[in-house]
Amino acid sequence: LRQMCVGGRMIDGGGAIDLNVDQSQRSVGPALALARAVTSSADREGRTLLFGMPNPSATAVMKRAGYRELGEFSSWTRLLRAEAKLHNLLRSKLASRLLAPLAEIALLLNSAEWRTRLPGTITAENIERFDDRFDALWSRAAGRFDVIGARNEDYLQWRFCSCPDLTYQIFTLVNRTNGELLGYLVWYLDKGSVSVSDMLAIDDSMLLLLLSEFSRRIRRTEAEAIRFWCLASPDFYRVLQRAGFRRRKNRHAVLGRWDDKSEFAPRPNSHWFLTM
């Protein structure tokens, strides 16, 4: 179940998370019956908007159940350490070790990080839990996207701080003068890299500042890269590129389902914001 903001209005929606069928029964019939049972249940409960990020096999099933393709959930990477990547290309430990510092300098100069610094009015903070400042940020930033899942204090606390599988960390930018939250980023360590699960800021300039300061701090660790998955607007992608992120080839289709006749239906060509 997921609260969604569509064109500035909150509605009841949902995310299709798992579709599991016993191996001996993996034909279209059982999978389609499950998917249609979910959509029928959602209709009865008044959940007018559903979305999902299926694998290729499940994509065809969900389309037959009434979902349509919205775009691509794509992987973005900010490379911080170049030696391992160079070794894959050059097959020489010595050459990789010698060239890595030069490659890392080039990567830094090709991002906004080296020329972006926090102004004196803003501070970066690592915090342990979400608080009511996140409600204020959500109210202010929700309108930046046509369709976005709710990101208030209660939801974020449940989603990340109550998660039994991962230990998430919260990085924030805060106005020194009044304590206002200007942006946040949620992340965790994953096999030598940093995986960003979610982020939100009041505007694009603050988003760039958030990403630049976070990258600068992660650079001081041993992490090789920062990784992030999302479906977002072209403007959001441009900020990622300015911050030194590059779009990778691995992508998933994003599907959505709604009634075009509903007053809560997304506009054609709406920009969605979905993260991990």
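Residues numbered from 1 in each chain as written. Predicted model: local features only at pLDDT ≥ 70, side-chain atom pairs only at ≥ 80, totals over all residues. Heavy atoms only, no water.

Asker: Any chance you could explain the pattern of salt bridges here in plain terms?
Answerer: Close approach of charged atoms allows side chains with opposite charge to pair. Counted according to the given criterion, the structure contains 14 salt bridges. In this structure, the salt-bridge partner of arginine 238 is aspartate 235, at a minimum N-O distance of 2.3 Å. Here the residue arginine 238 and the residue aspartate 235 both occupy positions in helix α8 (residues 234-242), the gap between them amounting to 3 residues, near one helical turn. A residue is classified by how much of its surface remains accessible, and aspartate 235, at 40% relative accessible area, is partly exposed. Via salt bridges that share partners, Glu213, Arg216 and Arg217 belong to a single interconnected network. (Salt bridge = Lys/Arg side-chain N within 4 Å of Asp/Glu carboxyl O. Helix = DSSP H or I, 4+ residues; strand = E, 2+ residues; numbered from the N terminus. Buried < 20%, exposed > 50% of the residue type's maximum accessible area, 1.4 Å probe, protein only.)

Asker: What should I look at first to understand the pairing of strand β4 (residues 68-79) in this one?
Answerer: Regular strands place side chains that alternate from one sheet face to the opposite one. Pairing analysis gives 8 bridges linking β4 to strand β11 (residues 246-258), with the strands arranged antiparallel. Note that in β11 the partner of tryptophan 76 across the bridge is arginine 247. (Pairing = 2+ DSSP bridges.)

Asker: When you look at the packing of helix α7 (residues 204-219) against α8 in this model, what are you seeing that I'm missing?
Answerer: The angle between the axes and the distance between the axes are what describe a pair of packed helices. Following both chains from N to C, one finds α7 and α8 inclined at 35 degrees, their axes separated by 9 Å at the closest point. In this structure, α7 crosses over α8, and the sense of that crossing is right-handed. Of the residues in α8, those in contact with Asp204, Leu207, Leu208 and Leu211 of α7 are Asp235, Phe236, Val239, Leu240 and Arg242. Of the residues assigned to the contact of α7 with α8, the class counts are 6 nonpolar, no polar and 3 charged. (Axes fitted to C-alpha atoms, helices over the stretch in contact; angles between N-to-C directions. Left-handed = near helix turned anticlockwise from the far one by under 90°. Contact = heavy atoms within 4.5 Å. Nonpolar A, V, L, I, M, F, W, Y, C, P; charged D, E, K, R; others polar.)

Asker: Looking at this structure, how should I read helix α2 (residues 56-64)?
Answerer: One turn of the α-helix equals 3.6 residues, which is why residues spaced by three or four share an orientation. Considered for burial, the residues of α2 that qualify are Ala58, Thr59, Val61 and Met62. One or two residues past the end of α2 sits glycine 66, with phi positive at roughly 110 degrees.

Asker: Explanation requested: the pairing of strand β9 (residues 193-201) in the structure shown.
Answerer: β9 sits mainly inside the fold: 9 of its 9 residues count as buried. The antiparallel hairpin formed by strand β8 (residues 181-190) and β9 contains 2 residues in its connecting segment, where lysine 191 sits at a positive phi of about 55 degrees. The pairing of β9 with strand β10 (residues 225-231) spans 3 bridges and is classified as parallel. In the sheet register, serine 195 faces β10, and the bridge partner there is arginine 227. Handedness of the β9-α7-β10 crossover: right-handed. (Right-handed = clockwise from strand over helix to strand, strands pointing away.)

Asker: Explain the packing of aromatic side chains to me, please; I cannot follow it from the model alone.
Answerer: Each aromatic ring pair is specified by the distance between its two centres and by the angle formed by the two planes. The tally for this structure, following the rule as stated, stands at 16 aromatic pairs. With a centroid separation of 4.9 Å and an interplanar angle of 75 degrees, the aromatic rings of phenylalanine 160 and tyrosine 168 are classed as edge-to-face. Classification of phenylalanine 160 by relative accessible area gives buried; the value is 6%. Judged by its relative accessible area of 15%, tyrosine 168 is buried. In textbook terms, an aromatic cluster arises when at least three aromatic residues are bridged by ring pairs, as seen for Phe130, Phe134, Phe160, Tyr168, Tyr184 and Tyr188. Here the guanidinium or amino end of arginine 68 rests over the ring plane of tryptophan 258, the centre of that ring lying 4.2 Å away. (Phe/Tyr/Trp six-rings, centres within 6.5 Å; stacked < 30°, edge-to-face > 60°. Lys NZ or Arg CZ within 6 Å of the ring centre and 35° of its normal.)

Asker: Would you mind going over the state of the cysteines with me for this structure?
Answerer: Such a bond, covalent and formed between the sulfur atoms of two cysteines, is termed a disulfide. Under the definition given, this model contains 0 disulfides. Here cysteine 161 stays unpaired: no disulfide links it, and the sulfur of cysteine 163, its closest cysteine neighbor, is 9.9 Å away. (Disulfide = S-S within 2.5 Å.)

Asker: When you look at a nonpolar patch on the surface in this model, what are you seeing that I'm missing?
Answerer: There is a patch of nonpolar side chains on the surface, built from Leu102, Ile105, Leu109 and Trp114 and spanning about 440 Å² of accessible area. With respect to the element layout, isoleucine 105 can be found in helix α4 (residues 93-109). (Patch = residues over 30% accessible without salt bridge, like charges linked within 9 Å, V, L, I, M, F, W, Y side chains within 5 Å. Areas by Shrake-Rupley, 256 points an atom, 1.4 Å probe, with all protein chains shown as cover.)

Asker: Honestly, α7 in this entry has me stumped. Any pointers?
Answerer: The end-to-end C-alpha distance of α7, which contains 16 residues, comes to 22 Å, matching closely the 22 Å that a straight helix rising 1.5 Å per residue would cover. The element α7 is extensively covered by neighbouring structure, given that 12 of its 16 residues are classed as buried. Turning to α7, its buried residues are Met206, Leu207, Leu208, Leu209, Leu210, Leu211, Ser212, Glu213, Phe214, Ser215, Arg216 and Ile218. (Expected span 1.5 Å × (residues − 1).)

Asker: So what exactly am I meant to see when it comes to the environment of threonine 123 here?
Answerer: Counting through the fold element by element, threonine 123 comes out in strand β5 (residues 122-127). Between the C-alpha atoms of threonine 123 and arginine 176, which are 53 residues apart in sequence, the distance is 6.2 Å. When neighbours within four sequence positions are excluded, threonine 123 is seen to be in contact with Leu118, Thr172, Leu173, Val174 and Arg176.

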